[in-house]
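What follows is the residue order along each chain.
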Amino acid sequence: MTNAECGKSNGGTNAFIIPHSPFRIRMEPELRESAMSTECNYLFGIIPACKSRNFGPIGMDGGKVRVVTDGVIAMVTSPAARMNFSLLSSKETLRYIAKHQRVLERVMTDSAVIPLKFGTFADDDRQILDILHSGQQAFARTLEKCAGKFEWDLVACWTDLQAVLSEIAAEPAVVSMKAEVSANGPASRLAGPTTEQRIQLGRLVRKLLTRRRDRIAAEVVAALRAKWPEIVVNPTKDDAMILHAAVLIGRDEEGLFDRFIDRLNRDYEDRLDFRCVGPLPPYSFATAEVRAVDAEELDAARQLLRLPSCENPFSHAYRPAEIKAAYRRVLPEVHPDRNPGADAAERMKELVAAHQLLEEYALNCNETPPADEGRPVIVKIRTLPELRARAGV
């Protein structure tokens, strides 16, 4: 591939292909004091139902990676100690993320896979089967959509950012602003621009740089979409980066994608550096988020929204419209703009979380289990932008 750095994933050493590390992992209260607790199952991803499989001792703690199936779909899992990743160092957490990715990359060589959000555990095989049952239809639809496809991550950067800034400095708007500063008289020329003038000039340069970046990014995305409609555009990390996009392509289209990158390099005359990483599981297009719901959580959420408690905490007593109406009634009393205070932001965060929990429970848990039969499970399949938005990243 000409002037492009492309290759298979290298186990997570490229930071921009680790999409889930910034997200806060929800842990049980008793786990907050220690990094590890009881043995359970770490969950990697969902695949179509298959015969018993053993991928070898490549799990989180060197455990054997196996599948648990309900006959329609299957969960890829391995035994592991339940872990609070927030208590580990960044280096150690990244090591576990790399393991998570390596298992998924091994699994996807044989079949389509829906990744589980990093840091997801289940107590036992029964809870895994509950997850498969709760999300069976959504999982099956997504597996069909992703069958025979991989994700490739594409990054485009300026080859020489300083050269681009020099070109912008020669644009009429920038030249005119500099001339205005000089026209203020000899004293101004000797003293140089004021702080305010420097700020205005910097804003103008950034505006022009952003305009260039957005124009080129739009051109590249349009060219990509003409061949591969399923694209997720991620935020750029700095001024040198023009585009960071994830593209879902067919297993047999790798050569076509290589030629596409070669053409981009020719079209932009080496002004841009295109790098791609893949093939990858469809992290950006479909990552499953699983949450076991406690009776206490539901009761607390109803109290925050001032909804009456239910005799059976898992009852579906409230429809989504009623939950939204209750949220809107309480919102003015909690919003920091109307009620500033040291804890205003935290109270607002709790209210939003309560609304999300009750709404997702009403929409996704269709059956009301007996209060003494364990916890119901909420299963959602989200895109990477949705996960970022929920995590506030």
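Along each chain, residues carry numbers from 1 onward, in the same order as the chain's sequence is written. Local features are withheld for residues below a pLDDT of 70 in this predicted model, meaning they are given only at 70 or higher, and side-chain atom pairs are given and counted only at 80 or more; totals for whole chains, interfaces and linings count all residues. Side-chain measures here rest on the full set of heavy atoms in the structure, leaving out hydrogens and waters.

## Side note on empty space enclosed by the protein
Right, on to step 1. Using a grid of 1 Å spacing that covers the protein atoms alone, one calls a set of points a cavity when a 1.4 Å probe fits there but cannot get out, and a pocket when the set is open and has protein on both sides within 12 Å along at least five of seven lines; lining residues are those with an atom within 4 Å of a point. Grid points are joined across faces, edges and corners, and a volume is the space filled by probe spheres set on the points. Applying the stated criterion across every chain yields a total of three cavities of 30 Å³ or more.
Right, on to step 2. In this structure, the second largest cavity encloses a volume near 50 Å³.
Right, on to step 3. As for the second largest cavity, its lining consists of Met108, Ser111, Ala112, Val113, Cys146, Gly148, Lys149, Phe150, Arg251, Leu280, Pro281 and Pro282.

## Points about the confidence of the model for the protein chain
Right, on to step 1. The predictor's confidence in any single residue is recorded as pLDDT, a number from 0 to 100. Looking at the protein chain as a whole, the pLDDT averages 79, with 81% of positions reaching at least 70.
Right, on to step 2. Helix numbers and strand numbers start at the N terminus; a helix is a DSSP run of H or I with at least 4 residues, a strand a run of E with at least 2. Element-level pLDDT for the protein chain is lowest in strand S1 (residues 4-7), with a mean of 39, against a maximum mean of 94 in strand S6 (residues 114-115).

## What about the nonpolar core?
Right, on to step 1. Joining through side-chain atoms within 4.5 Å is the link that ties buried Ala, Val, Leu, Ile, Met, Phe, Trp, Tyr and Cys residues into a set, and such a set is a nonpolar core. Relative accessible area decides the class of each residue, using a 1.4 Å probe on protein chains only: under 20% of the type maximum gives buried, over 50% gives exposed, and in between gives partly exposed. Counting 57 residues, the largest nonpolar core has Val220, Leu224 and Phe274 as its most contacted members.
Right, on to step 2. Not counting residues up to four positions away in its chain, the partners in contact with Leu224 are Leu154, Ile231, Val247, Phe257 and Phe260.
Right, on to step 3. Membership of the second largest hydrophobic core comes to 22 residues, among which are Ala295, Cys310, Tyr318 and Ala354. Residue contacts are counted whenever heavy atoms from the two residues lie within 4.5 Å of one another.

## Brief notes about the environment of Ile378
Right, on to step 1. With respect to the helices and strands, the residue Ile378 is situated in strand S13 (residues 377-382).
Right, on to step 2. Each C-alpha atom of the pair Ile378 and Leu357 lies 9.1 Å from the other, and the pair is 21 residues apart in sequence.

## Notes on the pattern of salt bridges
Right, on to step 1. Salt bridge, as used here, is a side-chain nitrogen of Lys or Arg placed within 4 Å of a carboxyl oxygen of Asp or Glu. Going through the model one piece at a time under the given rule, you end up with 17 salt bridges.
Right, on to step 2. Notably, a salt bridge pairs Arg212 with Glu167, separated by 2.7 Å at the nearest N-O pair. Of this pair, Arg212 sits in helix H7 (residues 195-227) while Glu167 sits in helix H4 (residues 161-169); the two residues are 45 residues apart in sequence, bridging distant segments of the chain.
Right, on to step 3. On the basis of relative accessible area, Glu167 is assigned to the partly exposed category, the value being 32%.
Right, on to step 4. Close ionic contact of Glu219 with Arg215 constitutes a salt bridge, the shortest N to O distance being 3.5 Å. Placement of the pair is Glu219 and Arg215 together in helix H7, with a separation of four residues, close to one helical turn.

## Some points on the pairing of strand S10 (residues 241-250)
Right, on to step 1. Burial of S10 is extensive: 10 of the 10 residues sit out of reach of the surface.
Right, on to step 2. As defined by bridge partners, strand S8 (residues 149-158) adjoins S10 across nine bridges and the pair is classed as antiparallel. Considered in S10, the bridge of Phe150 is made with Ile249.
Right, on to step 3. Any two strands with at least two DSSP bridges between them are considered paired. Examined bridge by bridge, strand S9 (residues 231-234) and S10 share four bridges and lie antiparallel to one another. Bridging from a neighbouring strand, Val232 pairs with Ala246 of S10.

## Considerations on the packing of aromatic side chains
Right, on to step 1. For Phe, Tyr and Trp, where Trp contributes only its six-membered ring, two rings pair if their centres lie within 6.5 Å, and the inter-plane angle classes them as stacked under 30 degrees, edge-to-face over 60, or tilted in between. Evaluated as defined, the whole model comprises nine aromatic pairs.
Right, on to step 2. Note on Phe85 and Tyr96: the rings are 5.6 Å apart at their centroids and 70 degrees apart in plane angle, and the pair reads as edge-to-face. Residue Phe85 is located in the loop between strand S5 (73-83) and helix H1 (90-107), and its partner Tyr96 is located in helix H1; the two are separated by 11 residues in the primary sequence. Here the two residues Phe85 and Tyr96 agree in accessibility, since each one is buried.
Right, on to step 3. On the numbers, 6.2 Å between centres and 50 degrees between planes, the contact of Tyr268 with Phe274 is tilted.
Right, on to step 4. Among the aromatic residues, those joined into a cluster by ring pairs are Tyr42, Phe44, Phe85, Tyr96, Phe118 and Phe121.

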